Structures are given as structure tokens and as C-alpha cells.
Amino acid sequence: MSRVLVPCHVKGTVALQVGDVWTSQGRPGVLVIDVTFPCVTPFEGITFKNYYTAAGIRVCQHTSAHTPAKWVTCLWDCLMPDPHSEEGAQEYILCDMARISELHLILQQPSPLWLSFTVEELQIYQQGPKSPSMIFPKWLSHPMPCEQPALLHEGLPDPSRVSSEVQQMWALTEMIRASHTSARIGHFDVDGCYDLNLLSYT
Amino acid sequence: MAAVEKRRQAVAPPAGFTDSGRQSVSRAVGAAESEEDFLRQVGVTEMLRAALLKVLEARPEEPIAFLAHYFENMGLRSPVNGGAGEPPGQLLLQQQRLGRALWHLRLAHHSQRAAFNNNVSVAYECLSAGGRRKRPGLDGRTYSELLRRICRDGQAPEEVVAPLLRKVQCRDHEAVPLSVFRAGTLTCFVLLEFVARAGALFQLLEDPAAAVADRRVGQAVLDTLEGALQASDAAAPARFLEAGSRLGPDSLALALDRAVGGRRPSAPMTREEFLERAAALFIAKVKPVG
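In the nomenclature of an unreviewed UniProt entry, chain B is known as Tubulin polyglutamylase complex subunit 1 of Gorilla gorilla gorilla.

An unreviewed UniProt entry lists chain A under the name Nicolin 1, with Gorilla gorilla gorilla given as the organism.

Caption draft 1: The arrangement of the overall build of chain B in detail. A tally of regular secondary structure across chain B gives 13 helices and 4 strands. When contacts within chain B are restricted to residue pairs at least 6 apart in sequence, those whose partners lie at least 24 apart make up 69%.

Caption draft 2: Main features of the pairing of strand E4 (residues 30-36) of chain A. Residues and elements named next belong to chain A. The element E4 is extensively covered by neighbouring structure, given that 5 of its 7 residues are classed as buried. In this structure, strand E2 (residues 9-10) lies alongside E4, joined through 2 bridges in antiparallel fashion. Looking at E4, one finds that His-9 is bridged to Thr-36. Inspection of the sheet shows strand E3 (residues 14-15) paired to E4 by 2 bridges, in the antiparallel sense. Paired with Val-14 across the strands is Val-32, a residue of E4.

Caption draft 3: Expanded view of the interface of chain B and chain A. In this assembly, 58 residues from chain B lie in contact with 35 residues from chain A. When chain B packs against chain A, close to 4,400 Å² is buried across both sides, 72% of that on carbon and sulfur atoms. Three residues, Arg197(B), Leu204(B) and Asp257(B), lead the burial of chain B against chain A; their summed loss comes to 13% of the area buried on that side. If you look at where chain B meets chain A, you find 2 salt bridges. Across the pair Glu165(A) and Arg197(B) runs a salt bridge, and its minimum N-O distance is 2.9 Å. Viewed at the interface, chain A and chain B are joined by 8 residue pairs in polar contact (both at pLDDT 80 or more). Of all the secondary structure elements, the ones that give two or more residues to the side of chain B that touches chain A are strand E1 (138-139), strand E2 (174-176), helix H9 (178-205), helix H10 (215-229), helix H11 (236-246), helix H12 (249-262) and helix H13 (271-284) of chain B.

Caption draft 4: The arrangement of the packing of helix H6 (residues 113-128) of chain B against H9(B) in detail. All names here are of chain B. As a packed pair, H6 and H9 sit with axes 10 Å apart at the nearest point and diverge in direction by 120°. Taken together, the axis directions place H6 and H9 in an arrangement best described as oblique. Taken as a pair, H6 and H9 cross one another with a handedness that is right-handed. Contacts from Arg-113, Phe-116, Asn-117, Val-120, Ser-121, Ala-123, Tyr-124 and Leu-127 of H6 reach H9 at Leu-178, Phe-181, Arg-182, Thr-185, Leu-186 and Phe-189. Grouping the amino acids of the contact of H6 with H9 by side-chain chemistry returns 9 nonpolar, 3 polar and 2 charged.

The rules behind these values
Residues numbered from 1 in each chain as written. Chains lettered and ligands numbered in written order. Predicted model: local features only at pLDDT ≥ 70, side-chain atom pairs only at ≥ 80, totals over all residues. Heavy atoms only, no water. Helix = DSSP H or I, 4+ residues; strand = E, 2+ residues; numbered from the N terminus. Contact = heavy atoms within 4.5 Å. Buried < 20%, exposed > 50% of the residue type's maximum accessible area, 1.4 Å probe, protein only. Pairing = 2+ DSSP bridges. Buried area = accessible area lost by both parts, 1.4 Å probe. Salt bridge = Lys/Arg side-chain N within 4 Å of Asp/Glu carboxyl O. Polar contact = N/O pair within 3.5 Å; in protein donor to acceptor, adjacent residues only side chain to side chain. Axes fitted to C-alpha atoms, helices over the stretch in contact; angles between N-to-C directions. Parallel < 35°, antiparallel > 145°, perpendicular 65-115°, else oblique. Left-handed = near helix turned anticlockwise from the far one by under 90°. Nonpolar A, V, L, I, M, F, W, Y, C, P; charged D, E, K, R; others polar.

Following this line, the structure appears as C-alpha cells:
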């Protein structure tokens with residue numbers, strides 16, 4: 001199935017901190033990425049590349065239409081199995097969702113080992129049109145019936161042996177058809193044939 | 001093989017050339033040194049090595065006869081035959097060259113491609129060597145003669161191979177490069193195998209008592225093969241799959257059944273006719289020379 005990218009606007013990461021931004025010198029451990037959509041289109045899923053994020057990542061979806069808008073957690077605590085090691089640190093993640101209108105990505109720093117953490121290549125997509133069906137060759141879409149038809153006539157040769165010989169003959173012919181040389185034949189010089197006097201009279 | 005090439009150790013006697021029963025080491029060393037040197041100077045070491053390599057490549061059923069032929073051909077290579085009388089005439093020399101080239105070409109089956117290509121190169125060199133009254137290079141007449149000999153010795157009927165020869169032969173005065181030579185000889189050998197297969201196929205189809213086949217059956221088989229050989233637009237793997245499905249036993253059985261059920265029996269098909277029609281399918285796929 002094909003994907004159609006939905007245009008979206010990804011705002012810069014905002015650090016969540018307790019207290020005054022001037023007083024605390026340390027770097028924050030929680031970031032929020034807010035994704036808004038210029039037009040409300042229902043989308044089916046998001047993909048992103050993890051970059052050392054995630055003790056957890058909360059993806060909040062705001063389901064619309066029937067129910068009043070509410071935030072739902074999609075992914076939590078599963079991007080990096082061991083926050084202190086490399087596993088899962090730079091993987092591509094794909095999530096399927098349904099009917100979402102707004103998106104918050106909340107990133108948590110997995111461990112003090114990883115100073116910077118974010119997600120990259122964020123893409124939102126929706127289900128595209130179904131791809132056209134492949135045109136199968138005729139002989140594939142009409143396979144031979146499985147049961148061997150009872151030979152109506154007697155005296156016919158054994159088909160498997162005939163088939164084996166014919167296939168070998170086919171293979172030999174195909175081999176010759178495939179091999180070819182593009183070299184040109186040369187000519188031996190016949191003495192005197194390029195004599196200028198003779199040529200001038202022809 | 002290793003015994004032939006092994007270099008003599010400093011003190012110990014050499015492994016290849018001395019008896020294990022020699023008692024005196026110093027005497028053995030002195031004698032063996034001169035023996036090995038003598039053999040190497042005469043060129044026997046190299047010649048034996050080449051002969052053993054050829055045996056390994058060709059894997060003949062009768063190695064002794066094979067080696068005998070090999071050395072006989074080696075002996076013909078030198079222009080002066082033991083200094084006896086005048087050198088043989090041009091025609092005889094030509095026949096000898098042809099015979100030698102044919103012998104080389106038959107050493108390996110065409111499916112052993114590397115060995116076959118080696119032999120083709122040797123045969124080409126043998127035929128294109130310059131002589132006293134011969135220019136270096138392979139002329140069309142010798143090449144065509146060689147192809148005819150290959151087909152004749154392969155016991156394929158004349159009418160069956162004639163169309164192929166017309167396609168791949170060269171005119172007398174043309175100079176044949178190695179690639180054309182290789183392609184032509186390969187095609188002839190493959191055709192011989194193809195005709196052999198077709199003969200075996202006819203034996204499956206024929207009525208043992210009458211030695212002829214039902215025309216409907218023979219025609220159906222040939223038509224199926226021709227259909228499978230039709231060049232389709234698909235790329236190579238799809239084409240092979242399609243041919244495989246057409247030539248499978250089930251498909252063939254259906255085709256045969258349909259053929260026999262559809263028409264009344266007519267004049268039977270002889271072996272010659274079957275071979276000729278089958279070979280025509282093959283030859284149609286051969287690209288003509290030039």
C-alpha cells in the first residue's frame with residue numbers, strides 16, 4: 001500500500017522544566033515536540049527515526065469527531081529496551097494510528113549518558129490509494145489443474161520422459177541463442193587486388 | 001604431479017627419480033642430480049606435466065590409449081619427422097593439422113566450458129600456425145572443412161546438418177578470428193548433442209515394430225518445443241518459467257492427448273524427417289556468421 005505524506009508543521013522542541021528557566025543551569029530531560037496540521041486530515045500513522053530518545057516517548061493523539069477530544073498515549077517506554085546501552089538508539093519506528101488531529105511527541109532523556117536526544121525524520125502519512133493490481137502473465141493466472149487427466153488414448157508415450165528430453169533440447173537451443181559473437185570476419189589480402197591502376201578502372 | 005615438480009633437497013635424495021632402495025646417499029645425490037637435470041633440459045618434465053594435465057582435464061575412459069594419441073600428436077608437431085626424406089606435402093600437412101585440431105576439440109565436452117575453450121584455443125593455434133608456404137591465420141576453407149568433419153564424425157545425417165553449415169561456414173578467402181572459430185565449433189558440437197537428444201526422443205515416440213512415429217504425436221511434440229522457443233517479450237527468468245510450464249509432463253500429456261484425439265491418423269513420420277524438423281528449430285536460433 002502506498003503512503004501519502006500529510007503536510008504538517010513540526011514545531012521546535014520545547015524543554016519542560018520545573019522552575020525558572022534562568023535559575024536552572026542543567027539541561028532538561030524532557031522535550032516536547034508539537035505537531036500541528038494546516039488542514040484537518042485523518043492520518044493513519046507516523047514514522048520517525050529515533051535518536052537516543054526514550055526511556056519513553058508519549059505520542060498523544062487527539063481523536064476527533066464523535067467523542068470529545070482527548071489525549072491518548074500511543075507509545076510509552078518501549079523504544080530503547082535498556083536506556084544505558086545502544087540498543088534501539090537509532091532505529092526507525094513506525095506506528096499505526098487512526099483518526100488523529102493533533103500530535104504531541106513527548107521525549108524523555110533515557111539516561112545521563114546521552115546528552116542530546118531527539119527524534120528525526122518525522123513523517124505523517126495517510127493511507128494512499130491502493131496500487132493497481134499487477135498484471136500477471138496469462139499462464140500464471142490459469143495454472144494447470146492438479147489432477148492428471150486420464151489419458152484417453154492408449155499408446156501415447158510416457159510424458160515425463162518425453163518432457164525430460166524436450167527440456168534438454170530446449171536448454172541446448174537457448175544456450176546457443178544466448179551465445180553469439182560480434183566479431184567480424186576478416187579477409188586475407190589477395191595480392192594485387194588493391195593495385196591503384198586496377199582500382200582506377202573499376 | 002608433485003613428484004615431477006619437486007625440487008631436490010640439499011642432502012636427501014630426491015623423491016621422484018631415485019629408487020627407494022639406494023644405499024649410498026652421496027652416490028644417489030650425484031646421480032640423481034644429473035638425471036633430473038637431463039630430463040629437464042630435454043623438456044620431458046614439462047611435456048609429462050602437460051600430458052598429465054590433459055588427462056586430468058579430459059578424464060578419458062582409456063587413459064593409456066589417450067596418452068598414446070597424445071604423444072603421437074606431439075610427435076607430428078615437429079616439422080621434421082625424424083629427418084626422413086623431404087617434408088610432407090602441403091595437402092598432407094593440412095590433413096594432419098585438421099586431424100590434430102579435431103583431436104584437441106574432442107578432448108572435453110562442450111559443457112565443460114573452461115576446458116572446451118582451452119582446447120578451442122589450442123586447435124585454433126594449431127590451424128593458424130604459419131608454415132613454409134602458408135600464411136599465419138585460419139582461412140575460411142580450412143574452417144569450413146573442419147566444421148564438416150566435426151558434423152560427419154558425430155554421425156549426424158547430412159541433410160540435418162547442412163542448413164547449419166550453410167549458416168556458419170565461411171568463404172574460402174575469409175580470415176576467421178578466434179571468437180568466430182569458437183562460436184562455430186561450439187555450435188556444431190551442441191547441434192550434435194541436440195540431434196542425439198532428438199534421436200532419443202524419437203525412440204520414445206516411435207512404434208517399436210514399425211520404427212516410425214504417429215505423425216500427430218511427433219508434430220505435437222515439435223510444435224510444443226517451437227512454442228516454448230518463441231522469443232517472448234518477458235525478461236529471461238520469466239521466459240524460462242513459461243517454457244518450463246509448457247514443457248512440463250502435464251502440459252505435454254495434454255498436448256499429446258489433444259493431438260491424437262483431434263485428428264485422424266495420417267502418414268507416419270520417419271526418424272529422418274523428425275530429426276530434420278527438430279534440427280531446423282535449433283538452427284533457426286543460430287545467428288549467421290558475419
